[in-house]
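Residue strings, one per chain:
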Amino acid sequence: MTTERRAPLDRKRVADTALALLNETGLDGLTLRAIARELDVKAPALYWHFKDKQALLDEMATEMYRRMVAGTALDPADTWQERLRKANLGLRAALLAYRDGARVFSGSRFTGTDHAHQMEDTLRLLTGAGFGLGQAVRAASTAYSYTIGYVIEEQGVQPLPDERRAGYDIDERARLLAEFPLSARAGAEIFTDYGDHFEQGLEIVIAGIAATYGVF
């Protein structure tokens with residue numbers, strides 16, 4: 001008879017287990033039953049902590065955010081451009097750590113107020129640079145939405161950085177689109193070098209924000 005005691009089942013343990021499983025199953029295969037099996041409990045036990053899968057996704061997204069910002073300090077000397085650049089480069093890196101990470105994060109509701117510290121600091125920096133509050137919100141949310149959308153598309157092709165879905169062979173695509181030469185050549189711009197292309201797009205977003213609101 002073993003005397004080893006299992007860690008108590010709580011929201012964090014369930015979310016941690018779900019995030020660990022995510023890379024194996026993907027979002028569509030992540031079920032409460034699979035999580036319960038991994039935790040060696042019956043599935044109904046999870047409903048004490050989460051009323052449904054969306055509630056669990058909310059907690060997973062919150063835990064992803066906590067891990068993303070853990071140990072990172074905001075630099076008060078940042079310009080608003082530097083802050084948006086750092087925040088979204090960091091967000092992309094965090095999302096890419098999990099299969100379907102962007103899909104989990106997108107549309108989820110944070111379960112605590114951890115995010116408010118960074119949000120408040122960023123909005124203070126933007127408004128201090130000359131943005132109105134509404135403009136600051138739209139600037140930050142536009143860059144954020146760009147990042148989420150970009151990574152959803154990126155992970156649709158590469159679920160994990162070292163894994164590529166079948167059907168995205170650039171040469172084969174070019175052959176099929178031979179009568180559309182620009183579209184054929186565009187494949188190398190769309191489906192390769194995701195890191196460089198993300199950064200280029202982010203610079204376009206930041207430059208557009210500056211030009212739109214006249215804050216440089």
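Predicted model, so just to flag it, every value in this text is computed and none were measured.

Our next topic: the UniProt feature "DNA-binding region" (unreviewed entry) in the protein. Per the UniProt entry, the sites bearing "DNA-binding region" (unreviewed entry) are residues 31-50 in this numbering. The span residues 31-50 is 40% helix and 0% strand, and its two end C-alpha atoms sit 13 Å from each other.

Okay, the packing of aromatic side chains next. The final tally for this structure, using the stated rule, is 9 aromatic pairs. Aromatic pair W80 and F131: ring centres 5.0 Å apart, planes at 85 degrees, arrangement edge-to-face. Of this pair, W80 sits in helix α4 (residues 80-95) while F131 sits in the loop between α6 (114-129) and α7 (133-157); the two residues are 51 residues apart in sequence, bridging distant segments of the chain. Of the two residues, W80 and F131, both sit in the buried class. Ring centres of Y168 and F191 lie 5.3 Å apart, and the angle between their planes is 55 degrees; on these two criteria the pair is classed as tilted. Of this pair, Y168 sits in the loop between α7 and α8 (170-176) while F191 sits in the loop between α9 (181-190) and α10 (194-213), placing them 23 residues apart in sequence. The partly exposed category is assigned to Y168, whose relative accessible area is 26%. A relative accessible area of 16% places F191 in the buried class. Members of the aromatic cluster, joined through ring pairs, are Y146, Y150, Y194 and F198.

A word on the pattern of salt bridges. A side chain with one charge can pair with a side chain of the opposite charge if their charged atoms come near. Scanning the model with the defined rule gives 18 salt bridges in all. For R66, the salt bridge identified is with E59, shortest N-O distance 3.5 Å. For E59, a relative accessible area of 6% corresponds to the buried category. Close ionic contact of R124 with E120 constitutes a salt bridge, the shortest N to O distance being 3.7 Å. Here E120 and R124 lie together in helix α6, a separation of 4 residues that amounts to about one turn. Each of the salt bridges in this network shares a partner with another, and the network as a whole consists of R11, K12, D16, E59, E63, R66, R67 and D114.

Rules used in this analysis
- Residues numbered from 1 in each chain as written.
- Predicted model: local features only at pLDDT ≥ 70, side-chain atom pairs only at ≥ 80, totals over all residues.
- Heavy atoms only, no water.
- UniProt positions renumbered as here; feature names shortened; annotations may be inferred.
- Helix = DSSP H or I, 4+ residues; strand = E, 2+ residues; numbered from the N terminus.
- Phe/Tyr/Trp six-rings, centres within 6.5 Å; stacked < 30°, edge-to-face > 60°.
- Buried < 20%, exposed > 50% of the residue type's maximum accessible area, 1.4 Å probe, protein only.
- Salt bridge = Lys/Arg side-chain N within 4 Å of Asp/Glu carboxyl O.

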